[in-house]
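Remarks on the overall topology
Next come the chains, spelled out residue by residue.
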Amino acid sequence: MKYIQDENTTSLIVTFFVFVIICFLVIKWDIYETKKHEIEGEYRDFLSKVRLRGAVLILLIAIFSIVKELYKRF
């Protein structure tokens, strides 16, 4: 996707669903890792938390921009 305006509507819809699924899986993974480390009593590295939550933030921004572009088209 060079520019989001150049993409056709079907590819934007497919990309939206892919990003939502990936975002859901990353959030699920973050929750799983947090619970696993709490049960084992281990310290979870702060950098791994920041990386996962940063990835979710980037995905949410991408999802928002796709929704905004789709809203303009309909």
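Before reading on, note that the structure itself is shown above.
Residues numbered from 1 in each chain as written. Predicted model: local features only at pLDDT ≥ 70, side-chain atom pairs only at ≥ 80, totals over all residues. Heavy atoms only, no water.

Regarding the nonpolar core
By size, the foremost hydrophobic cluster in this structure holds six residues: Cys 23, Val 26, Leu 52, Val 56, Leu 59 and Ile 63. Among the secondary structure elements, those contributing two or more residues to this core are helix H1 (9–40) and helix H2 (46–73). A total of four residues in this core trace back to one element, the largest contributor, which is H2. With residues near it in sequence (within four places) discarded, Cys 23 still touches Val 56, Leu 59, Leu 60 and Ile 63. (Core = buried A, V, L, I, M, F, W, Y, C linked by side-chain atoms within 4.5 Å. Buried < 20%, exposed > 50% of the residue type's maximum accessible area, 1.4 Å probe, protein only. Helix = DSSP H or I, 4+ residues; strand = E, 2+ residues; numbered from the N terminus. Contact = heavy atoms within 4.5 Å.)

Some thoughts on the environment of Thr 10
With respect to the element layout, Thr 10 can be found in helix H1. Note on Thr 10: relative accessible area 54%, which makes it exposed. Between the C-alpha atom of Thr 10 and that of Tyr 32, which follows or precedes it by 22 residues, the distance is 33 Å.

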